[in-house]
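Chain by chain, the residues run as shown.
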Amino acid sequence: MSYLKIDHITKSFGNNKVLTDISIDFEKGEIHSLIGENGAGKSTLMKIIGGIYQADSGQILMEGKPVRMHDPIEAYGCGIGIVHQELSIAGNMTAAQNVFVNHEPVKWLGFIDWKKLYADAAAEFDKIGANIDPRAIAGTLSVGMQQMIEISKVLSKDVNVLILDEPTSALSDNEIENLFRILLELKKMGKLIIFISHKLNEITRISDKVSVLRDGTCTGTLDREHMEVQTIIRMMVGRNIDSLYPPKAKCRSNKKALSAEHISRTGKFSDLSFDICYGEIVGMFGLVGAGRTECAFSVFGADKIDEGQIYLEGKPVSFKNPAQAIKEGVCYLSEDRKAIGLFVDMTVKENTVAACLKSVCRHGQFLDENKAKEKTEGYIRELDIHPDHCLDYKVRNLSGGNQQKVLFAKWLAADPRILIVDEPTRGVDVGAKAMIHHILRKLADAGMAVWMISSELPEILGVSDKVIVMHEGRCKGILENEDLTEEDVMKTAFREEAEHE
Ligand SMILES: Nc1ncnc2c1ncn2[C@@H]1O[C@H](COP(=O)(O)OP(=O)(O)OP(=O)(O)O)[C@@H](O)[C@H]1O
Ligand SMILES: [Mg+2]
(Lines give C-alpha, C1' and ligand atoms only; values in the text may rest on other atoms or scores of the structure.)
(Ligands and ions follow the chains in the order given, each with its own letter.)
Protein backbone atom coordinates (compact mmCIF):
# COMPACT_ATOMS: atom_id res chain seq x y z
CA MET A 1 0.00 0.00 0.00
CA SER A 2 1.51 3.28 -1.03
CA TYR A 3 1.60 6.34 1.19
CA LEU A 4 -0.08 8.66 -1.29
CA LYS A 5 -1.94 7.28 -4.25
CA ILE A 6 -3.39 9.17 -7.16
CA ASP A 7 -6.01 6.88 -8.55
CA HIS A 8 -7.52 7.37 -12.04
CA ILE A 9 -7.76 11.16 -11.80
CA THR A 10 -9.47 13.02 -14.65
CA LYS A 11 -10.01 16.77 -14.93
CA SER A 12 -11.35 19.18 -17.54
CA PHE A 13 -11.67 22.95 -17.63
CA GLY A 14 -14.73 23.57 -19.77
CA ASN A 15 -14.14 21.47 -22.87
CA ASN A 16 -10.36 21.45 -22.38
CA LYS A 17 -9.52 17.98 -21.02
CA VAL A 18 -6.38 18.54 -19.01
CA LEU A 19 -5.86 15.26 -17.13
CA THR A 20 -6.93 11.84 -18.37
CA ASP A 21 -7.02 8.86 -16.06
CA ILE A 22 -3.82 9.52 -14.17
CA SER A 23 -2.59 7.03 -11.58
CA ILE A 24 0.70 7.43 -9.69
CA ASP A 25 1.96 5.91 -6.42
CA PHE A 26 4.12 7.95 -4.06
CA GLU A 27 6.06 6.55 -1.10
CA LYS A 28 7.31 8.07 2.14
CA GLY A 29 10.98 9.01 2.22
CA GLU A 30 11.30 9.53 -1.51
CA ILE A 31 11.91 12.41 -3.85
CA HIS A 32 9.51 11.77 -6.68
CA SER A 33 9.80 14.17 -9.60
CA LEU A 34 7.26 15.12 -12.21
CA ILE A 35 8.28 16.29 -15.63
CA GLY A 36 6.38 17.08 -18.81
CA GLU A 37 6.04 19.71 -21.50
CA ASN A 38 4.43 23.07 -20.82
CA GLY A 39 0.73 22.53 -20.37
CA ALA A 40 1.06 18.77 -19.79
CA GLY A 41 -0.92 19.12 -16.56
CA LYS A 42 1.69 18.98 -13.80
CA SER A 43 0.53 22.02 -11.85
CA THR A 44 -3.11 21.06 -12.25
CA LEU A 45 -2.45 17.61 -10.81
CA MET A 46 -0.61 19.11 -7.86
CA LYS A 47 -3.41 21.59 -7.27
CA ILE A 48 -5.83 18.69 -7.06
CA ILE A 49 -3.67 17.05 -4.41
CA GLY A 50 -3.44 20.42 -2.64
CA GLY A 51 -7.19 20.99 -2.52
CA ILE A 52 -7.26 23.94 -4.91
CA TYR A 53 -9.05 22.11 -7.73
CA GLN A 54 -11.43 19.18 -7.50
CA ALA A 55 -10.99 16.21 -9.81
CA ASP A 56 -13.93 15.32 -12.08
CA SER A 57 -13.40 11.64 -11.34
CA GLY A 58 -10.92 9.41 -9.58
CA GLN A 59 -9.65 9.67 -6.03
CA ILE A 60 -6.70 10.37 -3.80
CA LEU A 61 -5.77 7.83 -1.13
CA MET A 62 -3.47 8.28 1.83
CA GLU A 63 -2.28 5.06 3.43
CA GLY A 64 -5.07 3.29 1.63
CA LYS A 65 -7.87 5.58 2.79
CA PRO A 66 -9.64 7.92 0.36
CA VAL A 67 -9.22 11.58 1.30
CA ARG A 68 -11.05 14.56 -0.14
CA MET A 69 -9.44 17.95 0.02
CA HIS A 70 -11.89 20.77 -0.58
CA ASP A 71 -9.42 23.56 0.06
CA PRO A 72 -5.75 24.08 0.93
CA ILE A 73 -6.52 24.15 4.65
CA GLU A 74 -7.91 20.61 4.49
CA ALA A 75 -4.83 19.57 2.52
CA TYR A 76 -2.62 21.04 5.25
CA GLY A 77 -4.75 19.04 7.71
CA CYS A 78 -3.63 15.92 5.84
CA GLY A 79 -0.02 17.11 6.06
CA ILE A 80 0.25 18.28 2.44
CA GLY A 81 1.94 21.60 1.62
CA ILE A 82 2.61 23.14 -1.79
CA VAL A 83 5.08 25.73 -2.97
CA HIS A 84 3.32 26.99 -6.06
CA GLN A 85 4.86 27.78 -9.41
CA GLU A 86 3.43 31.29 -9.47
CA LEU A 87 4.50 33.10 -6.33
CA SER A 88 1.87 34.58 -4.06
CA ILE A 89 3.90 36.95 -1.97
CA ALA A 90 2.16 39.85 -0.24
CA GLY A 91 4.49 42.55 -1.52
CA ASN A 92 3.72 45.16 1.11
CA MET A 93 4.27 42.88 4.11
CA THR A 94 7.62 41.94 5.61
CA ALA A 95 9.39 38.70 4.73
CA ALA A 96 8.59 37.34 8.21
CA GLN A 97 4.88 38.18 7.97
CA ASN A 98 4.73 36.33 4.67
CA VAL A 99 6.22 33.21 6.21
CA PHE A 100 3.75 33.09 9.08
CA VAL A 101 0.71 34.52 7.37
CA ASN A 102 -2.43 33.16 9.09
CA HIS A 103 -0.45 31.36 11.76
CA GLU A 104 1.46 34.16 13.42
CA PRO A 105 2.83 33.42 16.89
CA VAL A 106 0.58 35.12 19.45
CA LYS A 107 0.94 36.29 23.03
CA TRP A 108 -1.83 35.81 25.56
CA LEU A 109 -4.94 37.83 24.63
CA GLY A 110 -4.19 36.98 21.02
CA PHE A 111 -1.82 39.80 20.16
CA ILE A 112 0.84 38.98 17.60
CA ASP A 113 4.18 38.31 19.24
CA TRP A 114 6.29 40.42 16.88
CA LYS A 115 9.59 39.64 18.53
CA LYS A 116 8.98 35.93 18.19
CA LEU A 117 7.65 36.35 14.65
CA TYR A 118 10.91 37.92 13.47
CA ALA A 119 13.09 35.53 15.45
CA ASP A 120 11.21 32.47 14.15
CA ALA A 121 11.38 33.74 10.58
CA ALA A 122 15.12 34.35 10.93
CA ALA A 123 15.45 30.73 12.13
CA GLU A 124 13.41 29.44 9.18
CA PHE A 125 15.56 31.38 6.69
CA ASP A 126 18.67 30.14 8.41
CA LYS A 127 17.46 26.57 8.11
CA ILE A 128 17.36 26.83 4.33
CA GLY A 129 20.48 28.96 4.09
CA ALA A 130 18.61 31.98 2.75
CA ASN A 131 20.21 35.32 3.45
CA ILE A 132 16.99 37.29 3.94
CA ASP A 133 16.30 40.07 6.43
CA PRO A 134 13.00 39.07 8.12
CA ARG A 135 12.05 42.75 8.37
CA ALA A 136 12.58 43.50 4.68
CA ILE A 137 9.47 44.40 2.70
CA ALA A 138 8.87 41.31 0.57
CA GLY A 139 8.00 43.24 -2.60
CA THR A 140 11.43 44.85 -2.67
CA LEU A 141 13.26 41.51 -2.66
CA SER A 142 14.46 39.63 -5.75
CA VAL A 143 12.35 36.90 -7.31
CA GLY A 144 14.84 34.34 -5.97
CA MET A 145 14.42 35.58 -2.43
CA GLN A 146 10.65 35.65 -2.76
CA GLN A 147 10.84 32.03 -3.87
CA MET A 148 12.82 31.20 -0.72
CA ILE A 149 10.14 32.93 1.39
CA GLU A 150 7.48 30.73 -0.23
CA ILE A 151 9.51 27.65 0.61
CA SER A 152 9.95 28.75 4.24
CA LYS A 153 6.22 29.44 4.42
CA VAL A 154 5.42 25.80 3.71
CA LEU A 155 8.29 24.29 5.69
CA SER A 156 7.27 26.29 8.79
CA LYS A 157 4.05 24.26 8.86
CA ASP A 158 5.71 20.89 9.39
CA VAL A 159 4.20 18.93 6.51
CA ASN A 160 4.63 15.24 5.58
CA VAL A 161 4.16 15.77 1.88
CA LEU A 162 6.04 18.69 0.37
CA ILE A 163 5.17 19.61 -3.21
CA LEU A 164 7.50 22.01 -5.00
CA ASP A 165 6.29 23.27 -8.38
CA GLU A 166 9.33 24.53 -10.29
CA PRO A 167 11.02 25.92 -7.20
CA THR A 168 14.42 26.37 -8.81
CA SER A 169 13.45 28.43 -11.84
CA ALA A 170 14.33 31.69 -10.07
CA LEU A 171 17.08 30.47 -7.77
CA SER A 172 20.81 30.94 -8.08
CA ASP A 173 23.13 27.92 -8.10
CA ASN A 174 23.97 28.46 -4.46
CA GLU A 175 20.34 28.68 -3.44
CA ILE A 176 19.60 25.52 -5.44
CA GLU A 177 22.37 23.66 -3.63
CA ASN A 178 20.90 24.75 -0.28
CA LEU A 179 17.44 23.69 -1.33
CA PHE A 180 18.66 20.27 -2.45
CA ARG A 181 20.49 19.78 0.84
CA ILE A 182 17.23 20.46 2.70
CA LEU A 183 15.22 18.18 0.44
CA LEU A 184 17.65 15.34 1.11
CA GLU A 185 17.37 16.00 4.86
CA LEU A 186 13.57 15.99 4.70
CA LYS A 187 13.69 12.77 2.73
CA LYS A 188 15.84 11.19 5.43
CA MET A 189 13.23 12.24 7.97
CA GLY A 190 10.76 10.13 6.01
CA LYS A 191 8.88 12.91 4.22
CA LEU A 192 7.57 12.58 0.71
CA ILE A 193 8.80 15.25 -1.67
CA ILE A 194 7.16 15.81 -5.04
CA PHE A 195 9.43 17.93 -7.17
CA ILE A 196 8.59 19.56 -10.50
CA SER A 197 11.28 20.95 -12.76
CA HIS A 198 12.12 21.36 -16.43
CA LYS A 199 15.79 20.99 -15.71
CA LEU A 200 16.69 17.41 -16.51
CA ASN A 201 20.00 17.55 -14.70
CA GLU A 202 18.19 18.46 -11.47
CA ILE A 203 15.71 15.66 -11.93
CA THR A 204 18.31 12.97 -12.56
CA ARG A 205 20.44 14.25 -9.74
CA ILE A 206 18.06 14.22 -6.81
CA SER A 207 15.07 12.04 -7.63
CA ASP A 208 14.44 8.48 -6.57
CA LYS A 209 11.68 8.26 -9.14
CA VAL A 210 10.39 10.39 -11.97
CA SER A 211 6.91 10.28 -13.46
CA VAL A 212 6.41 11.75 -16.90
CA LEU A 213 3.25 13.53 -18.06
CA ARG A 214 2.36 14.05 -21.69
CA ASP A 215 -0.81 15.85 -22.78
CA GLY A 216 -2.56 15.05 -19.53
CA THR A 217 -1.68 11.37 -19.37
CA CYS A 218 1.08 9.66 -17.41
CA THR A 219 3.48 7.95 -19.81
CA GLY A 220 5.29 6.11 -17.04
CA THR A 221 7.42 6.21 -13.92
CA LEU A 222 11.15 5.52 -13.97
CA ASP A 223 13.34 4.63 -11.01
CA ARG A 224 16.93 5.81 -10.65
CA GLU A 225 18.42 2.97 -12.64
CA HIS A 226 16.38 3.81 -15.72
CA MET A 227 16.51 7.58 -15.50
CA GLU A 228 18.32 8.43 -18.71
CA VAL A 229 17.88 11.87 -20.20
CA GLN A 230 17.01 10.64 -23.69
CA THR A 231 14.47 8.17 -22.28
CA ILE A 232 12.79 10.93 -20.27
CA ILE A 233 12.68 13.27 -23.27
CA ARG A 234 11.18 10.59 -25.45
CA MET A 235 8.49 9.90 -22.86
CA MET A 236 7.78 13.65 -22.63
CA VAL A 237 7.57 14.58 -26.27
CA GLY A 238 7.42 11.26 -28.09
CA ARG A 239 10.62 11.95 -30.03
CA ASN A 240 14.31 12.67 -29.48
CA ILE A 241 15.49 16.25 -29.35
CA ASP A 242 19.05 16.33 -30.61
CA SER A 243 20.23 19.65 -31.81
CA LEU A 244 19.48 21.79 -28.79
CA TYR A 245 21.17 25.02 -29.89
CA PRO A 246 20.86 26.94 -33.17
CA PRO A 247 23.88 27.76 -35.36
CA LYS A 248 25.79 30.97 -34.61
CA ALA A 249 25.32 34.31 -36.43
CA LYS A 250 25.33 34.26 -40.21
CA CYS A 251 25.57 37.96 -40.84
CA ARG A 252 26.90 40.00 -37.94
CA SER A 253 27.20 43.61 -38.94
CA ASN A 254 29.52 46.16 -37.41
CA LYS A 255 26.69 48.62 -37.13
CA LYS A 256 26.26 49.44 -33.48
CA ALA A 257 22.66 49.35 -32.33
CA LEU A 258 23.11 50.08 -28.68
CA SER A 259 26.18 51.26 -26.81
CA ALA A 260 26.82 51.93 -23.17
CA GLU A 261 29.77 54.05 -22.14
CA HIS A 262 30.88 53.98 -18.54
CA ILE A 263 27.37 53.78 -17.19
CA SER A 264 26.83 53.48 -13.42
CA ARG A 265 23.95 53.32 -11.01
CA THR A 266 24.91 53.68 -7.37
CA GLY A 267 24.71 50.43 -5.47
CA LYS A 268 23.62 48.44 -8.55
CA PHE A 269 26.35 48.46 -11.21
CA SER A 270 29.34 50.58 -12.05
CA ASP A 271 31.37 51.65 -15.05
CA LEU A 272 29.85 49.37 -17.67
CA SER A 273 30.81 49.80 -21.31
CA PHE A 274 29.65 47.55 -24.13
CA ASP A 275 28.27 47.57 -27.68
CA ILE A 276 25.51 45.49 -29.19
CA CYS A 277 25.48 45.37 -32.99
CA TYR A 278 22.68 44.51 -35.37
CA GLY A 279 22.55 40.87 -36.32
CA GLU A 280 24.17 39.53 -33.17
CA ILE A 281 23.10 37.97 -29.91
CA VAL A 282 25.07 39.30 -27.00
CA GLY A 283 24.83 37.18 -23.90
CA MET A 284 25.18 38.77 -20.51
CA PHE A 285 26.19 36.23 -17.93
CA GLY A 286 26.43 36.64 -14.20
CA LEU A 287 25.17 35.00 -11.09
CA VAL A 288 22.00 36.35 -9.49
CA GLY A 289 22.89 39.72 -7.97
CA ALA A 290 25.49 40.58 -10.61
CA GLY A 291 23.55 43.70 -11.65
CA ARG A 292 22.38 42.50 -15.06
CA THR A 293 18.65 43.15 -14.66
CA GLU A 294 19.39 46.49 -13.03
CA CYS A 295 21.54 47.45 -16.02
CA ALA A 296 18.80 46.44 -18.47
CA PHE A 297 16.27 48.42 -16.41
CA SER A 298 18.38 51.54 -16.69
CA VAL A 299 18.90 51.17 -20.42
CA PHE A 300 15.18 50.58 -20.92
CA GLY A 301 14.24 53.73 -19.01
CA ALA A 302 12.69 51.91 -16.06
CA ASP A 303 15.42 53.28 -13.83
CA LYS A 304 17.97 56.05 -14.28
CA ILE A 305 21.72 56.01 -14.60
CA ASP A 306 23.88 58.21 -12.39
CA GLU A 307 26.86 58.41 -14.69
CA GLY A 308 27.84 57.58 -18.22
CA GLN A 309 25.98 57.69 -21.51
CA ILE A 310 23.81 55.37 -23.57
CA TYR A 311 23.81 55.63 -27.38
CA LEU A 312 21.34 54.38 -29.93
CA GLU A 313 23.01 54.00 -33.31
CA GLY A 314 25.65 56.42 -32.10
CA LYS A 315 23.19 59.09 -30.92
CA PRO A 316 23.10 59.85 -27.18
CA VAL A 317 19.77 58.92 -25.60
CA SER A 318 18.33 58.91 -22.13
CA PHE A 319 14.92 57.34 -21.85
CA LYS A 320 12.80 58.86 -19.11
CA ASN A 321 10.47 55.86 -19.10
CA PRO A 322 9.93 52.53 -20.89
CA ALA A 323 7.34 54.05 -23.22
CA GLN A 324 10.04 56.23 -24.77
CA ALA A 325 12.31 53.22 -25.18
CA ILE A 326 9.58 51.15 -26.84
CA LYS A 327 8.89 54.04 -29.21
CA GLU A 328 12.53 53.95 -30.26
CA GLY A 329 12.33 50.21 -30.86
CA VAL A 330 13.95 49.01 -27.63
CA CYS A 331 11.95 46.28 -25.87
CA TYR A 332 12.62 44.45 -22.64
CA LEU A 333 11.26 41.00 -21.87
CA SER A 334 11.21 40.79 -18.10
CA GLU A 335 12.39 37.91 -15.93
CA ASP A 336 9.41 38.54 -13.70
CA ARG A 337 6.54 37.87 -16.09
CA LYS A 338 3.82 38.17 -13.51
CA ALA A 339 4.77 41.39 -11.80
CA ILE A 340 5.92 43.50 -14.74
CA GLY A 341 5.49 41.44 -17.86
CA LEU A 342 1.89 40.39 -18.33
CA PHE A 343 -1.58 41.44 -17.30
CA VAL A 344 -2.64 38.02 -16.03
CA ASP A 345 -6.31 38.90 -15.70
CA MET A 346 -6.51 40.01 -19.30
CA THR A 347 -6.71 37.74 -22.31
CA VAL A 348 -3.94 36.34 -24.47
CA LYS A 349 -5.06 38.65 -27.28
CA GLU A 350 -5.11 41.76 -25.10
CA ASN A 351 -1.64 40.98 -23.81
CA THR A 352 -0.21 40.25 -27.23
CA VAL A 353 -1.23 43.60 -28.65
CA ALA A 354 -0.57 45.60 -25.47
CA ALA A 355 2.79 46.94 -26.62
CA CYS A 356 1.77 47.58 -30.24
CA LEU A 357 -1.68 49.10 -29.88
CA LYS A 358 -1.12 51.64 -32.66
CA SER A 359 -0.61 48.93 -35.24
CA VAL A 360 -3.93 47.28 -34.45
CA CYS A 361 -6.04 50.43 -34.20
CA ARG A 362 -8.17 52.06 -36.85
CA HIS A 363 -7.63 55.81 -37.24
CA GLY A 364 -5.11 55.48 -34.44
CA GLN A 365 -7.91 55.19 -31.89
CA PHE A 366 -10.26 52.27 -32.15
CA LEU A 367 -9.05 48.74 -31.62
CA ASP A 368 -9.51 46.73 -34.80
CA GLU A 369 -10.64 43.40 -33.32
CA ASN A 370 -9.90 41.48 -36.49
CA LYS A 371 -6.39 42.79 -36.79
CA ALA A 372 -5.69 42.05 -33.13
CA LYS A 373 -7.08 38.55 -33.56
CA GLU A 374 -5.07 37.89 -36.69
CA LYS A 375 -1.87 39.12 -35.13
CA THR A 376 -2.37 37.05 -31.98
CA GLU A 377 -3.31 33.91 -33.88
CA GLY A 378 -0.12 34.30 -35.91
CA TYR A 379 1.96 34.24 -32.73
CA ILE A 380 -0.03 31.37 -31.21
CA ARG A 381 0.96 29.35 -34.28
CA GLU A 382 4.53 30.58 -34.54
CA LEU A 383 5.30 30.07 -30.86
CA ASP A 384 3.13 26.98 -30.53
CA ILE A 385 1.18 28.38 -27.58
CA HIS A 386 -1.12 25.84 -25.90
CA PRO A 387 -3.99 25.38 -26.06
CA ASP A 388 -4.16 26.68 -29.63
CA HIS A 389 -7.63 28.19 -29.15
CA CYS A 390 -6.49 30.32 -26.20
CA LEU A 391 -7.07 33.70 -27.90
CA ASP A 392 -9.66 34.77 -25.34
CA TYR A 393 -8.24 32.84 -22.38
CA LYS A 394 -7.15 34.86 -19.40
CA VAL A 395 -3.36 34.58 -19.23
CA ARG A 396 -3.73 33.41 -15.62
CA ASN A 397 -5.31 30.19 -16.92
CA LEU A 398 -2.39 29.22 -19.14
CA SER A 399 0.38 26.99 -17.84
CA GLY A 400 3.53 28.78 -16.67
CA GLY A 401 5.60 28.02 -19.75
CA ASN A 402 2.84 29.11 -22.09
CA GLN A 403 2.56 32.39 -20.19
CA GLN A 404 6.24 32.89 -20.97
CA LYS A 405 5.49 32.37 -24.66
CA VAL A 406 2.72 35.01 -24.53
CA LEU A 407 5.24 37.41 -23.04
CA PHE A 408 7.45 36.70 -26.06
CA ALA A 409 4.55 37.31 -28.42
CA LYS A 410 3.85 40.64 -26.77
CA TRP A 411 7.36 41.97 -27.38
CA LEU A 412 7.76 40.49 -30.84
CA ALA A 413 4.50 42.16 -31.80
CA ALA A 414 6.04 45.51 -30.87
CA ASP A 415 8.56 44.92 -33.68
CA PRO A 416 11.71 45.95 -31.84
CA ARG A 417 15.09 46.84 -33.33
CA ILE A 418 16.77 45.97 -30.10
CA LEU A 419 15.36 43.20 -27.97
CA ILE A 420 16.51 42.70 -24.42
CA VAL A 421 15.48 39.31 -23.03
CA ASP A 422 15.98 38.60 -19.35
CA GLU A 423 16.06 34.88 -18.49
CA PRO A 424 13.97 34.16 -21.63
CA THR A 425 13.54 30.43 -21.06
CA ARG A 426 12.56 30.49 -17.42
CA GLY A 427 10.04 27.73 -16.79
CA VAL A 428 9.79 26.49 -20.37
CA ASP A 429 10.25 22.84 -21.30
CA VAL A 430 13.20 21.44 -23.27
CA GLY A 431 11.42 21.54 -26.61
CA ALA A 432 10.10 25.08 -26.17
CA LYS A 433 13.46 26.20 -24.91
CA ALA A 434 15.14 25.07 -28.12
CA MET A 435 12.37 26.81 -30.03
CA ILE A 436 12.96 30.13 -28.22
CA HIS A 437 16.70 29.88 -28.91
CA HIS A 438 15.99 29.33 -32.59
CA ILE A 439 13.58 32.27 -32.66
CA LEU A 440 16.22 34.54 -31.10
CA ARG A 441 18.67 33.45 -33.77
CA LYS A 442 16.11 33.99 -36.52
CA LEU A 443 15.46 37.51 -35.24
CA ALA A 444 19.17 38.27 -35.15
CA ASP A 445 19.65 36.87 -38.64
CA ALA A 446 16.86 39.16 -39.78
CA GLY A 447 18.90 42.08 -38.46
CA MET A 448 17.71 42.59 -34.90
CA ALA A 449 20.16 43.27 -32.08
CA VAL A 450 19.51 40.82 -29.26
CA TRP A 451 20.78 41.21 -25.70
CA MET A 452 20.18 38.06 -23.71
CA ILE A 453 20.59 38.01 -19.95
CA SER A 454 20.85 34.55 -18.44
CA SER A 455 22.29 32.77 -15.43
CA GLU A 456 22.39 29.50 -17.28
CA LEU A 457 25.87 29.10 -18.61
CA PRO A 458 25.08 26.39 -21.21
CA GLU A 459 22.38 28.68 -22.63
CA ILE A 460 24.82 31.62 -22.81
CA LEU A 461 27.45 29.53 -24.56
CA GLY A 462 24.97 27.76 -26.79
CA VAL A 463 23.24 30.88 -28.08
CA SER A 464 25.38 34.01 -27.93
CA ASP A 465 27.96 35.38 -30.34
CA LYS A 466 29.66 37.44 -27.65
CA VAL A 467 29.52 37.19 -23.86
CA ILE A 468 29.59 40.03 -21.36
CA VAL A 469 30.69 38.57 -18.03
CA MET A 470 29.35 40.39 -15.00
CA HIS A 471 30.15 39.98 -11.36
CA GLU A 472 28.94 42.10 -8.45
CA GLY A 473 27.90 45.03 -10.57
CA ARG A 474 30.99 45.17 -12.73
CA CYS A 475 31.96 43.90 -16.15
CA LYS A 476 34.79 41.45 -15.80
CA GLY A 477 35.35 40.90 -19.48
CA ILE A 478 33.74 40.66 -22.91
CA LEU A 479 34.54 37.41 -24.68
CA GLU A 480 34.00 36.39 -28.28
CA ASN A 481 32.15 33.09 -28.21
CA GLU A 482 34.47 30.97 -30.29
CA ASP A 483 35.19 27.66 -28.60
CA LEU A 484 34.46 29.38 -25.32
CA THR A 485 34.09 26.99 -22.38
CA GLU A 486 32.18 27.27 -19.12
CA GLU A 487 35.49 27.36 -17.36
CA ASP A 488 36.68 30.38 -19.39
CA VAL A 489 33.58 32.31 -18.38
CA MET A 490 33.73 31.37 -14.70
CA LYS A 491 37.44 32.19 -14.56
CA THR A 492 36.73 35.61 -16.04
CA ALA A 493 33.93 36.24 -13.53
CA PHE A 494 36.12 35.36 -10.56
CA ARG A 495 39.48 36.52 -11.94
CA GLU A 496 40.27 39.04 -9.23
CA GLU A 497 39.15 36.76 -6.42
CA ALA A 498 41.50 34.09 -7.76
CA GLU A 499 44.37 36.59 -7.99
CA HIS A 500 43.89 37.60 -4.34
CA GLU A 501 44.09 34.05 -3.08
N1 LIG B 1 -7.96 27.59 -14.08
C2 LIG B 1 -7.86 27.13 -15.33
N3 LIG B 1 -8.83 27.37 -16.24
C4 LIG B 1 -8.74 26.89 -17.51
N5 LIG B 1 -7.69 26.17 -17.97
C6 LIG B 1 -6.69 25.91 -17.12
C7 LIG B 1 -6.71 26.37 -15.75
N8 LIG B 1 -5.57 25.96 -15.15
C9 LIG B 1 -4.88 25.27 -16.09
N10 LIG B 1 -5.54 25.22 -17.26
C11 LIG B 1 -5.11 24.53 -18.49
O12 LIG B 1 -4.67 23.25 -18.13
C13 LIG B 1 -3.58 22.82 -18.95
C14 LIG B 1 -2.47 22.30 -18.06
O15 LIG B 1 -1.91 23.35 -17.33
P16 LIG B 1 -0.85 23.14 -16.18
O17 LIG B 1 -0.62 24.46 -15.57
O18 LIG B 1 -1.27 22.04 -15.29
O19 LIG B 1 0.46 22.69 -17.02
P20 LIG B 1 1.93 22.40 -16.52
O21 LIG B 1 2.25 21.00 -16.88
O22 LIG B 1 2.08 22.78 -15.11
O23 LIG B 1 2.79 23.35 -17.48
P24 LIG B 1 4.09 24.30 -17.19
O25 LIG B 1 5.28 23.44 -17.34
O26 LIG B 1 4.04 25.30 -18.30
O27 LIG B 1 3.94 24.91 -15.86
C28 LIG B 1 -3.20 24.01 -19.79
O29 LIG B 1 -3.71 23.81 -21.08
C30 LIG B 1 -3.88 25.19 -19.13
O31 LIG B 1 -4.24 26.15 -20.07
MG1 LIG C 1 3.11 24.26 -14.17
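Summarised in this report is the structure supplied together with it.

Procedures and definitions
Positions within a chain are numbered from 1, following the residues in the order the chain's sequence is written. For naming, the first written chain is A and the first written ligand is 1, with later ones following in the order written. Side-chain atom pairs in this predicted model are given and counted only at pLDDT of 80 or more, local residue features only at pLDDT of at least 70, and totals for whole chains, interfaces and linings cover all residues. The basis for every side-chain value is the complete set of heavy atoms in the structure, and neither hydrogens nor water enter the calculation. Each nonpolar core is a collection of buried residues, namely Ala, Val, Leu, Ile, Met, Phe, Trp, Tyr and Cys, held together in the definition by side-chain atoms within 4.5 Å. Exposure categories follow from relative accessible area, calculated using a 1.4 Å probe and restricted to protein chains: below 20% of the type maximum is buried, above 50% is exposed, and the middle band is partly exposed. Labels follow the DSSP assignment, with helices taken as runs of H or I lasting at least four residues and strands as runs of E lasting at least two, numbered in each case from the N terminus. Metal sites are built from N, O and S donor atoms within 2.8 Å, or 3.2 Å for Na, K and Ca, and they leave out water, so they may look incomplete. Each pair of strands is called paired provided DSSP finds at least two bridges between the two strands. We call a residue near a molecule or strand as soon as one heavy atom of that residue lies within 4 Å of the molecule or strand. What qualifies as a polar contact is a pair of N or O atoms within 3.5 Å, subject to a donor-acceptor requirement within protein and to the restriction that residues adjacent in sequence count only when both atoms come from side chains. All accessible-area figures derive from a Shrake-Rupley calculation using a 1.4 Å probe, and residue coverage is judged against the displayed protein chains alone. Each residue after the first adds 1.5 Å to the expected span of a helix. Of all possible arcs, the one meant is that of the directions from the helix axis to the C-beta atoms. In this analysis, two residues are considered to be in contact whenever any of their non-hydrogen atoms come within 4.5 Å of each other.

Below, the discussion takes up the nonpolar core. Core analysis: the largest hydrophobic core is formed by 49 residues, its most contacted members being Phe408, Leu419, Val421, Leu440 and Val489. At seven residues, the largest contribution of residues to this core is made by helix α14 (residues 400-413). Listed in part, the 38 residues of the second largest apolar core include Ala95, Ala96, Ala136 and Leu162.

The magnesium ion (ligand 2) binds to the protein through Ser43 (OG) and Gln85 (OE1); the donor distances cover 2.1 to 2.2 Å. One end of the pair, serine 43, is in helix α1 (residues 42-49); the other, glutamine 85, is in the loop between β6 (80-83) and α3 (95-99), with 42 residues separating them in the sequence. The class for serine 43 is buried, based on a relative accessible area of 18%.

Moving on, we get to the pairing of strand β10 (residues 217-223). In this structure, strand β9 (residues 209-214) lies alongside β10, joined through six bridges in antiparallel fashion. Looking across to β10, one finds that valine 210 is bridged to leucine 222. Between the end of β9 and the start of β10, which pair antiparallel, lie two residues, with aspartate 215 showing a positive phi angle near 45°.

Moving on, we get to the site of ligand 1. The local shell around ligand 1 holds 21 residues, among which Gly39, Lys42, Thr44, Ser399 and Gly401 are the closest. Glycine 41 is positioned such that a nitrogen or oxygen atom in its backbone is 2.9 Å from an oxygen atom of ligand 1. Within the backbone of glycine 401, one N or O atom sits 2.7 Å away from an oxygen atom of ligand 1. In the complex, the protein chains occlude 90% of the 640 Å² of accessible area that ligand 1 would expose alone. The element contributing the most residues to the shell around ligand 1 is α1, with three residues.

Attention shifts here to helix α4 (residues 114-127). Because the α-helix completes a turn every 3.6 residues, residues three or four places apart line up on one side. Counted at 1.5 Å a residue, the expected span for α4 with its 14 residues is 20 Å, and the 20 Å between its end C-alpha atoms agrees. All of the buried residues along α4 are Leu117, Tyr118, Ala121, Glu124 and Phe125. Within α4, the buried residues cover an arc of 125° as seen down the axis, which keeps them to one side. In α4, the exposed positions angled more than 90 degrees off the buried face are occupied by Lys115 and Asp126. Contacts from the buried residues of α4 go to α3 and α5 (143-155). Of the residues flanking the end of α4, it is glycine 129, one or two places downstream, whose phi is positive at about 65°.

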